[in-house]
Amino acid sequence: MPGSNKFQWDDLQHFLAVAHQGSTLAAGRALGVDQSTVQRRLAELERQIGQSLVQRHPMGYRLTEFGQEMLPFAETVESAVLAFERQIGTLAGETSGVIRMTCPEPIVNRITQTGMLDRFHARHPALKVQFVMSDKYMDLRQGDADVALRSGDTDDGELVGRKIGDSLWAVYASKAYIAKHGQPERIEDLASHAMVGFDDSMAKHRLSQWLREVAPGAELASRSTSVLGLIYSVKAGLGVGALPMALGDAEDDLVRVFGPVNELTRIWRMLTTPELRRTPRVSAFFDFVIDEIETLRPILTG
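Please read all numbers here as calculations on a predicted model, not as lab measurements.

So, how was this worked out
- The numbers attached to residues start from 1 for each chain and follow its sequence in the written order.
- Note on the predicted model: pLDDT of at least 70 is required for a residue's local features to be given, and 80 or more for side-chain atom pairs to be given and counted; whole-chain, interface and lining totals, by contrast, use all residues.
- Excluding hydrogens and water, the side-chain values take into account all heavy atoms of the structure.
- Only strands joined by at least two bridges in the DSSP assignment are considered to pair.
- Where helices and strands are cited, they refer to DSSP runs of H or I of at least four residues and of E of at least two residues respectively, numbered from the N terminus.
- Working convention: axes come from line fits to C-alpha atoms, limited for helices to the stretch in contact. Angles between N-to-C directions cover 0 to 180 degrees.
- Should any heavy atoms of two residues lie within 4.5 Å, those residues are counted as being in contact.
- Aromatic contacts are taken between Phe, Tyr and Trp rings whose centres are within 6.5 Å, Trp giving its six-membered ring; a plane angle under 30 degrees counts as stacked, one over 60 as edge-to-face, and the others as tilted.
- Only protein chains enter the accessibility calculation, which uses a 1.4 Å probe. A residue is then buried if its area is under 20% of the maximum for its type, exposed if over 50%, and partly exposed in between.
- Basic side-chain nitrogens of Lys or Arg form a salt bridge, by our definition, when they fall within 4 Å of a carboxyl oxygen of Asp or Glu.

A. Just the sheet that holds strand 3 (residues 97–103), in detail. Pairing in this open sheet of five strands is mixed, and the strands run 4-3-5-12-6 from one edge to the other. Each having just a single partner strand, strand 4 (127–133) and strand 6 (160–167) make up the two edges of the open sheet. Taken pair by pair, the neighbouring strands of this sheet meet at an average axis angle of 20 degrees, ignoring direction. Pairing geometry for strand 5 (residues 147–151) and strand 12 (residues 266–272), over four bridges, is antiparallel. Residue pairing in the sheet places L149 in a bridge with M270 of strand 12. On the sheet, helix 12 (residues 280–291) packs against strand 3, strand 4, strand 5, strand 6 and strand 12 and is oriented at approximately 150 degrees with respect to strand 12.

B. Representation of the pairing of strand 2 (residues 60–63). Note that strand 1 (residues 54–57) and strand 2 share four bridges and pair antiparallel. Residue pairing across strands places R56 opposite Y61, the latter belonging to strand 2. Once strand 1 ends, the chain turns through two residues before running back antiparallel as strand 2.

C. Focus on the sheet that holds strand 10 (residues 241–244). Ordered in space as 10-7-11, the three strands form an open sheet in which the pairing is antiparallel. Of all strands in the sheet, those bounded by a partner on one side alone are strand 10 and strand 11 (254–258). Across the sheet, the mean angle separating the axes of adjacent strands is 55 degrees when strand polarity is ignored.

D. Structural detail: the packing of aromatic side chains. One pass over the structure, following the stated rule, counts two aromatic pairs. Ring centres of F120 and F285 lie 5.3 Å apart, and the angle between their planes is 90 degrees; this geometry places the pair in the edge-to-face category. Taken as a pair, F120 in helix 6 (residues 116–123) and F285 in helix 12 lie far apart in primary sequence, 165 residues in all. Taken as a pair, F120 and F285 share a single burial class, namely buried.

E. Inspection of the pattern of salt bridges at higher detail. All told, the structure shown has 15 salt bridges when counted by the stated rule. Two residues, R119 and E292, come together in a salt bridge whose shortest N-O distance is 2.8 Å. Separated by 173 residues along the polypeptide, R119 in helix 6 and E292 in the loop between helix 12 and helix 13 (293–301) bring together distant segments of the chain. Residue E292 is classed as buried on the basis of its relative accessible area, which comes to 11%. Among the salt bridges present, the one from D146 reaches R281, with a minimum N-O distance of 3.0 Å. Of the two residues, D146 is situated in the loop between strand 4 and strand 5 and R281 in helix 12; the sequence distance between them amounts to 135 residues. Overlapping salt bridges, with partners in common, bring together R100, D146 and R281 in one network.

F. Summary view of the environment of A43. With respect to the secondary-structure elements, A43 resides in helix 3 (residues 35–49). Residues A43 and L238, 195 residues apart in the sequence, show an inter-C-alpha distance of 56 Å.

G. Spotlight on the pairing of strand 5. When you tally the buried positions in strand 5, you get five out of five residues, the bulk of the element. Burial along strand 5 is two-sided: V147, L149 and S151 facing one way and A148 and R150 facing the other are all buried. One ladder, built from two bridges, connects strand 3 with strand 5; its direction is parallel. Residue pairing for strand 5: T102 is matched across the bridge by A148.

This is how it looks when you write it as structure tokens:
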């Protein structure tokens, strides 16, 4: 590398933020700085290294081949720095309090079965996780929860967080329904089948919008306010329905008719407000989740 070959940890932070968030704007929000700062720090890191780490594309930033090779090493540095910071916090005094996390109800059971919460409480005995279960987006700015495990379109630009994985959906039917009514072979066939969907309170959900587009005349045999309700309705044979693959594939009496459906694919994120992200209790929880991403991701993506 040219020059002194020295660079600051902050430089790597900006590179990692762009790699994880996919754009300099989102990276700036995650780091609590403006977009121009991210671009400047990333350019300085590339200058010091003498290699391009990212390339700009119409949909955001993608890592170059060199950037992809360096990413795991940068993440190793990040893990070491976070471990160092956690140890400082431990020596300075134990973080305490309650962390209220909002997420869909089916996810809670899957998280508790992994032992993640036990490991978190072992690391931070004075911290307690409290679940606020809802398929609807809780308002973190209004104090409805501290952190959100959320999939879908996040239009609140004031939240910061970390991508966990992809939210994949497919179309399912029960074996009993298929035996009685047959199995749809194409998306176009859904219009001639009984369908399961959300009620009007979830009209803006991507599933509701997708059903209106692909099967505008389809009969809704069941309407629900939650993903759990969708699962129960499809299992009961009331109709065909789109479900998260992590949940649908786990049901032995359901058949994946087709999918994943690209139009329903979104991103799972852990989100909070910039102010809460800097508090010791939420910071400790975020650091823990980063360490546990490989455990958490299959819970969400299947």
